[in-house]
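Structural overview
The residues making up each chain are set out below.
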Amino acid sequence: MENILIALVSILSLLILGLFTIIAIFVYKYIKLKEKSTEPVVSFQDKVSPEVLEALNVAKTARPNIIGEFCIDHPDLYAKGTCAISNEAYCELCLTKEEEIKVARKFLDLLLDTEWEELYMVNNTVIGADKLNELFKLKKQMWHDDQIPMVAHKQFKLNVEDDKIETYTLLKSRVVDKDQLLEKFKFLKN
Ligand SMILES: [Zn+2]
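Residues numbered from 1 in each chain as written. Predicted model: local features only at pLDDT ≥ 70, side-chain atom pairs only at ≥ 80, totals over all residues.

Within the protein chain one finds 6 helices and 7 strands. Its helices and strands taken in sequence order, the protein chain reads α-α-α-β-β-β-β-α-β-α-β-β-α from the N to the C terminus. Restricting to contacts in the protein chain with at least 6 residues of sequence separation, those with at least 24 account for 40%. (Helix = DSSP H or I, 4+ residues; strand = E, 2+ residues; numbered from the N terminus. Contact = placed C-beta atoms within 7 Å.)

The structure is reproduced here in structure tokens:
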């Protein structure tokens, strides 16, 4: 009986010893882990070359260059729309509306003092994206390179047959430029 007791106590002692060893290992590992995390961190700046840092800084501070994102005159203000004359993006402060035509305030006098004539009225869906892009590209070119202003603005019409709203682009020019521009934009003719 005594022998059995001694054997039991021995086994228990061994078990407890084993348990302590396991706990000790875990504590040791935990302390090591803690030490690692408090090691001074090598900063990102020390690891990369100045060229890479410079490129990163440029990328971080660069403004999105997408047309329509920011006002062309207020680079920190979001654009609200594009001017019917210059087709550039402007913020709420810069844009005004004259008979449903959105125009930059700085071009309002030009819009009001000019006698405009309709050149082409195109159905956006019928004409397709390629020709519309071409229209605006050419219009911009006339404005910037030849200082010939044109007005392009959207119009909406209800198609009674299938009860759908269709979008049209109305293109106007000064009376003096009309003949020349009718020819230039004749690809809009169907
Ligand atoms: Zn603005």
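Ordered by their spatial adjacency, 3 strands build an open sheet running β5-β7-β6, and the pairing between neighbours is antiparallel. Two strands lie at the open edges of the sheet, namely β5 (116–123) and β6 (150–159), each paired on one side alone. Pairs of neighbouring strands in the sheet enclose a mean axial angle of 30 degrees, with direction left out of account. Where β6 lies against strand β7 (residues 164–174), 10 bridges are found, and the strand directions are antiparallel. Bridge pairing in β7 links F156 to T167. Helix-sheet contacts for helix α5 (residues 124–145) involve β5, β6 and β7, and the interaxial angle to β7 is about 25 degrees. (Pairing = 2+ DSSP bridges. Axes fitted to C-alpha atoms, helices over the stretch in contact; angles between N-to-C directions.)

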